[in-house]
Amino acid sequence: MKLFDVYPLFDLNFVKAEGSYLWNDKNEKYLDLYGGHAVISIGHSHPTYVQKVTEQLQHIGFYSNSVKIPIQEEVAEKLGKISGYEDYSLFMCNSGAEANENAIKLASFHTKKKKNICFTKAFHGRTAAAVAATDNKSIIAPTNESDNFIFVPFNNTTALEEAFKNHEISSVIIEGIQGVGGVQIPEVSFLEKIRSLCDEHEAVFICDEIQSGYGRTGKFFAHQHARVQADIITIAKGMGNGFPVGGVLIAPKFQAKHGLLGTTFGGNYLACAASIAVLETIEKENLLQNATDLGNYLYEELKDDPLIQEIRYQGLMFGIELKVSCAPLRNKLLSEFNILTGNASCPKTLRILPALNITKIELDAFIDAFKILSKSNL
């Protein structure tokens, strides 16, 4: 049997990782400024992460949700405290797509309505409802096509209001910051309008913080920059620093009942140990402030570079839009400087998503390489 070929792959085989660095099977060292799509939140092989997962494995790794698993309650308590959503409930699952599936379903159970508003350039996952809410026809199978998802232009208040006038809306789902879409940041007034329209029409405001959450932007959740409160918040990626884990934060107005949601692997002991390690490290190492400070530093160092058309960022979530395609730059950063970066659906946008504990010295290596390539005209 061979692997089903679904990804274009770099010819790299990493065998060791620590902090913001990776080593391949030839013992060549690479600087990781992408974290596997923003998954690595506290750095590769962080000592706290390794210790907590190892210790947990030595006791018990798995049992199903048919028994009490107190470590889940510990995750919920810590997450509520650090995020500011202490009065919400937590449902743990395994991935971002699964979190969004459950969020959309929970909203529909609550409202008894079918229609959902989503946005141009959105990416919410590859499963049934999540992919139907994703603005990429090439990954939507015929069986996933649905008229229950209404696409509205991003940051367009007039179109949003029209959608509410013309349909019975169950939920609005929006990313705290669009990642795959090229680090597109929702305007404060747009998020405020979503909140007010959801209140007016008894719809559910779902904020997808799968990539933009967990301190990535300098706030625990990106939407908190706008000081709005979502009814449901979905999380994954940085939540487990590489261990597969996702979650749904659920407002008190939603009534739980047995069988409403469910999962076999979600909230397992190892996933919870990984999640606790991340939360403790974010708090202990003051990583929200580090994300703010080093994000501002990176912006200041690059903002006047002649190759750059625009920089869109909050904290350590960067979309650097070039005046040319970013592919040649990205490839040369990798081949000539051993620096891993990301791309986006817009071909001119370079995505930077480093670990939240990245240092100025490590960012300087990227800044120097970027400026050298910029001056060389690639």
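Scroll up to find the structure this text is about.
Residues numbered from 1 in each chain as written. Predicted model: local features only at pLDDT ≥ 70, side-chain atom pairs only at ≥ 80, totals over all residues. Heavy atoms only, no water.

(A) Structural view of a negative patch on the surface. On the surface, a cluster of negative charge is made up of E74, E77, E86 and D87. Residue position: E77 is located in helix α3 (residues 70–83). Take E77: its relative accessible area is 61%, and that puts it in the exposed class. (Patch = residues over 30% accessible without salt bridge, like charges linked within 9 Å, V, L, I, M, F, W, Y side chains within 5 Å. Areas by Shrake-Rupley, 256 points an atom, 1.4 Å probe, with all protein chains shown as cover. Salt bridge = Lys/Arg side-chain N within 4 Å of Asp/Glu carboxyl O. Lys, Arg positive; Asp, Glu negative; His and termini not counted. Charge placed at Lys NZ, Arg CZ, Asp CG, Glu CD. Helix = DSSP H or I, 4+ residues; strand = E, 2+ residues; numbered from the N terminus. Buried < 20%, exposed > 50% of the residue type's maximum accessible area, 1.4 Å probe, protein only.)

(B) Quick look at the side chain of T281. Secondary-structure assignment places T281 in helix α8 (residues 269–284). The residues touching T281, leaving out its near neighbours within four places in the chain, are I42, H46, T48, N286 and L287. (Contact = heavy atoms within 4.5 Å.)

(C) Seen up close, the sheet that holds strand β2 (residues 21–24). With respect to topology, four strands assemble into an open sheet ordered β1-β2-β3-β13, the strand pairing being mixed. Looking at strand neighbours, the two that pair on one side only are β1 (14–18) and β13 (339–340), the edges of this open sheet. Here three bridges tie β2 to strand β3 (residues 29–32), and the two strands are oriented antiparallel to one another. Each bridged residue has a counterpart across the sheet, and for L22 the counterpart in β3 is Y30. (Pairing = 2+ DSSP bridges.)

(D) Broad picture of the pairing of strand β7 (residues 169–175). Of all seven residues that make up β7, seven are buried, and the element is covered over most of its length. Here three bridges tie strand β5 (residues 115–119) to β7, and the two strands are oriented parallel to one another. Directly across from I117, in β7, lies its bridge partner V172. Where β7 lies against strand β8 (residues 204–208), five bridges are found, and the strand directions are parallel. Bridging from a neighbouring strand, V172 pairs with F205 of β8. In this view, the connection linking β7 to its parallel neighbour β8 by way of helix α7 (residues 188–201) has right-handed handedness. (Right-handed = clockwise from strand over helix to strand, strands pointing away.)

That is the geometry; function is a separate question.
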